[in-house]
Protein chains: 2
Amino acid sequence: MPERTEAIIRPDVACRLVMNHATVRETMDMAAFVDACARRDLAGVSIWGEEIDRIGEDRAHRILKDSGLAVLGYNRAGPVIGAAGAQAASRLDAARREIERAARFGADHVMLFTGGLPAGDKDLGAHRARLGEMLAGLLDHARACGVGLALEPLHPMLCGDRTILTSLGDANDLCDRLGPGVGVVVDVYHVWWDARLEHEIARAGAAGRILGFHVNDWLVPTRDILRDRGMMGDGIIDLAGIWRQVRMAGFGGPVEVEIFSDAWAGREPDEVLDTAIERCRSIFAV
Amino acid sequence: MPERTEAIIRPDVACRLVMNHATVRETMDMAAFVDACARRDLAGVSIWGEEIDRIGEDRAHRILKDSGLAVLGYNRAGPVIGAAGAQAASRLDAARREIERAARFGADHVMLFTGGLPAGDKDLGAHRARLGEMLAGLLDHARACGVGLALEPLHPMLCGDRTILTSLGDANDLCDRLGPGVGVVVDVYHVWWDARLEHEIARAGAAGRILGFHVNDWLVPTRDILRDRGMMGDGIIDLAGIWRQVRMAGFGGPVEVEIFSDAWAGREPDEVLDTAIERCRSIFAV
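A few points on the structure. (Residues numbered from 1 in each chain as written. Chains lettered and ligands numbered in written order. Predicted model: local features only at pLDDT ≥ 70, side-chain atom pairs only at ≥ 80, totals over all residues. Heavy atoms only, no water.)

**Focus on the overall build of chain A**
Within chain A one finds 12 helices and eight strands. At 18 Å, chain A has a C-alpha radius of gyration in line with the 19 Å of a compact globule built from 286 residues. Dimensions of chain A along its principal axes, counting C-alpha atoms only, are 45 × 45 × 35 Å. For chain A, with 286 residues in total, the buried portion stands at 60%. For chain A, restricting intrachain contacts to residue pairs at least 6 apart in sequence, the fraction spanning at least 24 positions comes to 79%. About 10,600 Å² of surface is accessible on chain A, with carbon and sulfur atoms providing 48% of the total. Mean positive and mean negative side-chain charge positions of chain A (33 and 43 charges, respectively) differ by 2 Å. (Helix = DSSP H or I, 4+ residues; strand = E, 2+ residues; numbered from the N terminus. Rg over C-alpha atoms; globule rule 2.2 N^0.38 Å. Buried < 20%, exposed > 50% of the residue type's maximum accessible area, 1.4 Å probe, protein only. Contact = heavy atoms within 4.5 Å. Areas by Shrake-Rupley, 256 points an atom, 1.4 Å probe, with all protein chains shown as cover. Lys, Arg positive; Asp, Glu negative; His and termini not counted. Charge placed at Lys NZ, Arg CZ, Asp CG, Glu CD.)

Written as structure tokens, this is what we have:
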């Protein structure tokens, strides 16, 4: 699978840096974002279904094609858990449609978002036990569509509310059970604290399943659990160290910037992009 | 070790509920707090060094003796990491003095607080590697003083800032290396999200090292990473389920209420205590 991530990046682009639209989506629509990334000669972009809807799918296809930018990640399929009966089936249908759209956009992988616990339901263990089975069906569909399915463990502070997948070890366990076609995205924000991180990165790398490496930073103090991620270098994560582990594990793909932050959403998007690129060049040498 | 926790609770007290002063420290000093707990016939209290200082150690001893309440946890020894040279030595000295005071108060165990990373230092792995050695000296002292040393993994969102110990598995690993006299405190807030929780609780129980079980709840949304814990039952943690796991692991000690919350700190302390007791009776049958 990492071969796909590597191959999708244009060989003529020296820079191994991908920008996720979430970083500037409050201030740039998808057309402006793709244009800004193409002007900076980035390796590719990661995109969001809602942003495609805002400008229309035909136009989104056209601007991406004209830009020559590769699409690394498509956000997103899910939530998949947290519903019962007909609503559960309709959630899986919606996830399948997102997988199809990711494939239409030639994305390397589609981000799978588990979602949180249903209101009033505290049985985290039961939902986790059923997750593999639920994903197996979606994985078959992703395989048929030719797009990778990416599991991204989220920070434990998002457990129950946004996700039930909270460590890279758990994501690796799920991938082991599911087989080829599914991989992991390592977002430093979500996993940096884990004493088993290096081991689990090596494990994911050995299985050839690292699909993406997302960067940002952990600020002290963190003032909001959803919208206070830091710019690379402004926080306390050993970004260069984790990047070394990911490279050592055999990952040859790009660094993807994904910053959810009210502070940065309030700044000029060109300044945000230039700052992010400059920080990535200095920290990751991309 | 769990025998100590069990033995310290007065056999004539039916209620197996301990109150941590942190729950009402903004509105009750230690004298008022101990009195309020004694009037409610609780099994014991967990106390704080700063609160002892506020009323004086002699008076604190006297009111505890008069109350007949057992002291379960003493807060706290640490931070121990994050300093260099003479400052590091003085931190260890301070921790030793706290251990001695915990012993003078007849506490079952003293809470060990690792502290976070020094400013500008991102090498979490190096600090974790040195933690065992640092704790070994303190553990010798705790053994000599006859007080248990309690490692409490904190939530990963506090990593780097407040702690470097972020999972029950890591705490168990440390205890394995350190040997007798050290145990763990399971605070539901910090560990509930962990897919390995049941396994690690069983492991801690099998080693006879569960020293305490702290309760509160995880609110959705959580508005502050330090001061927004919920009252038991107001959040999404499966409290009864985790309590079952802790009991199955052989823990015979009490349930300890510890709520850090600006919302509850703004309420009448008697109302807070009564609400907490009522919730514990209904959820944990204590």
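**Observations regarding the sheet that holds strand 3 (residues 70-77) of chain A**
Residue and element names in this part refer to chain A. A barrel is described by the order of its strands in space; here eight strands give the closed sequence 1-2-3-4-5-6-7-8, paired in parallel fashion. Strand after strand, the sheet turns through a mean of 30° between neighbouring axes, direction not considered. Relative to strand 8 (residues 255-257), strand 1 (residues 17-20) runs parallel, the two being bridged by three bridges. Considered in strand 8, the bridge of Met19 is made with Val257. (Pairing = 2+ DSSP bridges. Axes fitted to C-alpha atoms, helices over the stretch in contact; angles between N-to-C directions.)

**Focus on the nonpolar core**
Core analysis: the largest hydrophobic core is formed by 182 residues, its most contacted members being Phe213 of chain A together with Phe213 of chain B. When near neighbours in sequence (up to four residues on either side) are disregarded, Phe213 of chain B contacts Val186, Val188, Ile242, Trp243, Val246, Phe251, Pro254, Val255, Glu256 and Phe284 of chain B. (Core = buried A, V, L, I, M, F, W, Y, C linked by side-chain atoms within 4.5 Å.)

**As for the packing of aromatic side chains**
Applying the stated rule across the entire model yields 15 aromatic pairs over all chains. Centroid distance Trp243 of chain B to Phe251 of chain B: 6.4 Å. Interplanar angle 80°. Geometry classified as edge-to-face. Here Trp243 of chain B matches Phe251 of chain B in class, with each residue buried. Put simply, the rings of Phe213, Trp243, Phe251 and Phe284 of chain A pair up and form one aromatic cluster. (Phe/Tyr/Trp six-rings, centres within 6.5 Å; stacked < 30°, edge-to-face > 60°.)

**Concerning the environment of Tyr74 of chain B**
Residue and element names in this part refer to chain B. Tracing the sequence through the fold places Tyr74 in strand 3 (residues 70-77). In sequence terms Tyr74 and Gly132 are 58 residues apart; their C-alpha atoms lie 21 Å from each other. Apart from residues no more than four positions distant in its own chain, Tyr74 is found in contact with Ile47, Gly49, Ile52, Glu98, Arg101, Ala102, Ala107, His109, Val110 and Met111. A polar atom in the side chain of Tyr74 sits 3.0 Å from the side chain of Arg101. (Polar contact = N/O pair within 3.5 Å; in protein donor to acceptor, adjacent residues only side chain to side chain.)

**What to know about the interface of chain A and chain B**
Listed by partner, the interface residues are 26 residues for chain A and 26 residues for chain B. A combined buried area of about 2,100 Å² lies between chain A and chain B, and 64% of that area is made up of carbon and sulfur atoms. On the surface where chain A and chain B come into contact, there are zero salt bridges. Where chain A touches chain B, the interface holds six residue pairs in polar contact (both at pLDDT 80 or more). (Buried area = accessible area lost by both parts, 1.4 Å probe. Salt bridge = Lys/Arg side-chain N within 4 Å of Asp/Glu carboxyl O.)

**Observations concerning the relation of the copies chain A and chain B**
Aligned on chain B, chain A shows an RMSD of 0.0 Å; the corresponding rotation is 180° and the shift along the axis is 0.0 Å. With respect to symmetry, the two chain copies, as superposed, fit the operation of a two-fold axis. A shared interface surface links the copies, since 100% of the contact residues of chain A are contact residues in chain B too. (Least-squares fit on C-alpha atoms with pLDDT ≥ 70 in both.)

**Re the sheet that holds strand 3 of chain B**
Residue and element names in this part refer to chain B. An order of 1-2-3-4-5-6-7-8 is seen for the eight strands of this closed barrel, with the pairing classed as parallel. Averaged over all pairs of adjacent strands, the angle between their axes in this sheet comes to 30°, without regard to strand direction. Here helix 5 (residues 85-104) sits on the sheet in contact with strand 3, strand 4 (109-112) and strand 5 (148-151), set at roughly 175° to strand 3. Here helix 7 (residues 168-178) sits on the sheet and contacts strand 5 and strand 6 (182-187); the angle it forms with strand 6, its principal contact strand, is near 170°.

**A short note on helix 5 of chain B**
Residue and element names in this part refer to chain B. If you check helix 5, its first and last C-alpha atoms are 29 Å apart, about what 20 residues at 1.5 Å a residue would give, namely 28 Å. Looking only at helix 5, the buried set comprises Ala88, Leu92, Ala95, Ile99, Arg101 and Ala102. Among the structural elements, helix 3 (49-55), helix 4 (57-67), strand 3, strand 4, helix 6 (124-145) and strand 5 are those in contact with the buried residues of helix 5. (Expected span 1.5 Å × (residues − 1).)

**Remarks on unusual backbone geometry**
With omega at 5°, the peptide bond leading from Gly78 of chain A into Pro79 of chain A counts as cis. Arg76 of chain B follows Asn75 of chain B through a cis peptide bond whose omega is -5°. If you trace the backbone, Arg76 of chain B turns up in strand 3. One non-glycine residue, Asp41 of chain A, lies in positive phi territory at about 55°. Relative to the helices and strands, Asp41 of chain A is located in the loop between helix 2 (30-39) and strand 2 (44-48). What makes Asp41 of chain A partly exposed here is its relative accessible area of 42%.

**Considering the pairing of strand 4 of chain B**
All names here are of chain B. Burial of the side chains of strand 4 extends over both faces: His109 and Met111 are buried on one face and Val110 and Leu112 on the other. Two elements, strand 3 and strand 4, share four bridges in a ladder whose sense is parallel. Of the residues in strand 4, the one forming a bridge with Ala77 is Leu112. Taken together, strand 3, helix 5 and strand 4 form a β-α-β motif whose crossover is right-handed. (Right-handed = clockwise from strand over helix to strand, strands pointing away.)

**Re the packing of helix 6 (residues 124-145) of chain A against helix 7 (residues 168-178) of chain A**
Residues and elements named next belong to chain A. Running from N to C, helix 6 and helix 7 point in directions that differ by 60°, and their axes come no closer than 10 Å. Looking at the two axes, helix 6 sits oblique to helix 7. The element helix 6 and its partner helix 7 pack so that their crossing is right-handed. Facing helix 6, whose interface residues are Ala129, Leu131, Gly132, Leu135, Ala136, Leu139 and Arg143, helix 7 presents Leu174, Arg177 and Leu178. (Parallel < 35°, antiparallel > 145°, perpendicular 65-115°, else oblique. Left-handed = near helix turned anticlockwise from the far one by under 90°.)

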